[in-house]
Amino acid sequence: MPAVEVKGVRKAYALNGRVVPVLDSVSFSVGPGEFVAILGPSGCGKSTLLNLIAGLEEPSAGTIAIQGAVPRKRTGLCAYMHQKDLLLPWRTVLDNAILPLEVQGVPRKAARERALALMDVFGLRGFEHAYPFTLSGGMRQRAAFLRTVLAGKSIVLLDEPFGALDALTRASLQDWLASLWEALRLTVLLVTHDVEEALFLADRVLVLTPRPARVRGVVPVSLPRPRQREMVTSPPFVRLKAEVFQMLTGTQVAQEAPP
Amino acid sequence: MTRWVKERLNEWWPPLALMAGALALWEGLAHALAIPRWLLPPPSAIVRELVARGDLLARHSWVTLQEVLAGFAVAFTVGVACGVAIAQWRVVERGFYPLVVASQTIPIIAIAPLLLIWVGYDIRMKVIVVALICFFPITVNLVDGLRSVDPDLVNLLRTMGAGRWKVFLMVSLPWALPYLFSGAKVAAAVSVIGAVIGEWVGASAGLGWLMTQAVPRFQTPLVFASLVALGVMGIALFQATALVERLLLPWHYTMKRQEALKWTSL
Ligand SMILES: Nc1ncnc2c1ncn2[C@@H]1O[C@H](COP(=O)(O)OP(=O)(O)O)[C@@H](O)[C@H]1O
Ligand SMILES: [Mg+2]
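Given the structure is predicted, the values throughout are model-derived calculations rather than measurements.

Here we take up the side chain of Glu-182 of chain A. By the secondary structure assignment, Glu-182 of chain A is in helix H6 (residues 167–184). Not counting the four nearest positions on each side in its chain, Glu-182 of chain A is found in contact with Arg-225, Pro-226 and Arg-227 of chain A.

What follows is the structure in structure tokens.
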């Protein structure tokens, strides 16, 4: 049974009386424990797709099954992380992290203990009681990751989680996320417009067309795990990158001859 | 502690210096031009009046203070309830909110005599006038705050499975608290005006009433002494609200300070 199954999903918005189609019959499925990257040009409808899966909006047509079921209340089934860290400024790092547990009704004390046990893994030790506005962008994003993981869902939806970071911080967080995922093996759907990021992290890359989005193709990433930063310059990676670029833009990219 | 004193001094010396200068000028001119007491008493005469009539002023200040505190409390309770209802239900927003705004165009001074007919001379009339004046800034600021919540934040809570009221309690309300306090500070500052208007229209005690008694007798120093008492009361109420804000929202206070420091240290 797939963890997420999207079948014939369409979504259109009405804008000043005009109907704007955003998703045009999107279908795909994600297996349990799989890391799938959704890649597409900006504005093609990636966030819309993720919001539909998260249950924040309803599709105009089609169905979205989570763990084989299509429940009436669709929110609260997947952990969700936005491009913005969305940390509450009035809560410390620790109390931000336990937010989903509080929503679920876990007593504060027990929730805090669970969060404290993970502070090292998320590189937040020593900053438990700091307010978000005192932290760097990378640390804030890690705090948001901790909050996402503490939601305790087996399906995690990430909407350009590194989009707002500088290149160096982004690379180091990608390395960190790769090893974190290799340890936790959650089902992850990562939305990104960065080809390298998609290939570096995912098992499969789903390439979308410009708006209205359809699935243009799926690229399996058969790179070995654990993934290492050096891989991004290896011939197989470069070949995949060319293939994905071609699929994204519909043009041929100059490819190095394999040695 | 010493740093705190230094910072307060830094903050307070310009207004204090300005006031001291103005008072000195006033004092000098009053003597130089031999202005009669009943027309414009010099500051020294007002201070003497404050001391000599201390008991009288304290008694009437206490009456006014009670009206102000009760009125503020009523306005705060009703204002928060209305603000929450306006922000949570579109029906209330569309039906009630325009009326709240429109009601502000009716001058309080015109309503006060009606209240006199309806509820009489006792403290209730003054409490209602104060509440009417304080209600608006509290409600409007709270509604603005609740409306300005980042929708992405609301969506985040929804993905966690939070319902409408959990979202409200965990995100919207804390988000709007700094706005609520802005409104409460404005309300605290104008609350004294409400009490004085109420007392002018119908009362038998209070600083406003004391002024209405002193004016026809040309007891101008007493009028000024009452004004000083009213001013002190207004400032104290404002500062008390600011203090509660700082205690309840330490994160907001430090964030604002940190931002200010970022700018000055460059
Ligand atoms: N609530 C909405 N109402 C109207 N149009 C919307 C709404 N949300 C998104 N859109 C439109 O849908 C398109 C896709 O948006 P989005 O999913 O955010 O793209 P992406 O995440 O791929 O950059 C955009 O052109 C945007 O203007
Ligand atoms: Mg997006």
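With that settled, the discussion passes to the sheet that holds strand S3 (residues 35–39) of chain A. All names here are of chain A. Here six strands make up an open sheet; going across it, the order is S5-S6-S7-S3-S8-S9 and the pairing mixed. Of all strands in the sheet, those bounded by a partner on one side alone are strand S5 (79–81) and strand S9 (215–220). Shown here is a sheet whose adjacent strand axes are inclined to one another by a mean of 15°, direction ignored. Relative to strand S8 (residues 204–208), S3 runs parallel, the two sharing four bridges. Note on S8: the bridge partner recorded for Ala-37 is Val-205. Against the sheet, helix H1 (residues 46–54) touches S3, S5, strand S6 (155–159), strand S7 (187–192) and S8, its axis set at about 155° to S6. Contacts from helix H8 (residues 235–249) reach S3, S8 and S9 within the one sheet, and its direction differs from that of S9 by about 175°.

With that settled, consider the pattern of salt bridges. Scanning all chains against the criterion turns up 26 salt bridges over all chains. Across the pair Lys-84 of chain A and Asp-152 of chain B runs a salt bridge whose closest N-O atoms are separated by 2.9 Å. Placement of Lys-84 of chain A in the loop between S5 and helix H2 (93–97) and of Asp-152 of chain B in helix H7 (residues 151–159) is noted, with the two residues assigned to different chains. On the accessibility criterion, Asp-152 of chain B (22% relative accessible area) is partly exposed. Residue Glu-182 of chain A pairs with Arg-225 of chain A through a salt bridge whose shortest N-O separation is 3.0 Å.

Turning next to helix H9 (residues 207–214) of chain B. Residues and elements named next belong to chain B. Buried within H9 are the following residues: Leu-207, Gly-208, Leu-210, Met-211 and Ala-214. In an axial view of H9, the angular spread of the buried residues amounts to 160°, which keeps them on one side of the axis. Elements in contact with the buried residues of H9: helix H3 (54–88), helix H8 (164–201) and helix H10 (220–248).

So, about the site of ligand 1. Residues and elements named next belong to chain A. Residues in close proximity to ligand 1 include Tyr-13, Leu-15, Val-22, Ser-42, Gly-43, Cys-44, Gly-45, Lys-46, Ser-47, Thr-48 and Arg-211, which together make up its full environment. In this structure, an oxygen atom belonging to ligand 1 sits 3.3 Å away from a main-chain N or O atom of Cys-44. Here an oxygen atom of ligand 1 and a side-chain polar atom of Arg-211 are 2.6 Å apart. In isolation ligand 1 exposes 560 Å². Once the protein is present, 63% of that is buried. Going through the elements one at a time, strand S1 (4–15) and H1 are the ones with two or more residues in the shell around ligand 1. When residues of the shell around ligand 1 are assigned to their parent elements, the largest contribution, three residues, is made by H1. Broken down by class, the residue content of the shell around ligand 1 amounts to four nonpolar, five polar and two charged.

Calculation notes
Residues numbered from 1 in each chain as written. Chains lettered and ligands numbered in written order. Predicted model: local features only at pLDDT ≥ 70, side-chain atom pairs only at ≥ 80, totals over all residues. Heavy atoms only, no water. Helix = DSSP H or I, 4+ residues; strand = E, 2+ residues; numbered from the N terminus. Contact = heavy atoms within 4.5 Å. Pairing = 2+ DSSP bridges. Axes fitted to C-alpha atoms, helices over the stretch in contact; angles between N-to-C directions. Salt bridge = Lys/Arg side-chain N within 4 Å of Asp/Glu carboxyl O. Buried < 20%, exposed > 50% of the residue type's maximum accessible area, 1.4 Å probe, protein only. Arc of directions from axis to C-beta. Near = heavy atom within 4 Å. Polar contact = N/O pair within 3.5 Å; in protein donor to acceptor, adjacent residues only side chain to side chain. Areas by Shrake-Rupley, 256 points an atom, 1.4 Å probe, with all protein chains shown as cover. Nonpolar A, V, L, I, M, F, W, Y, C, P; charged D, E, K, R; others polar.

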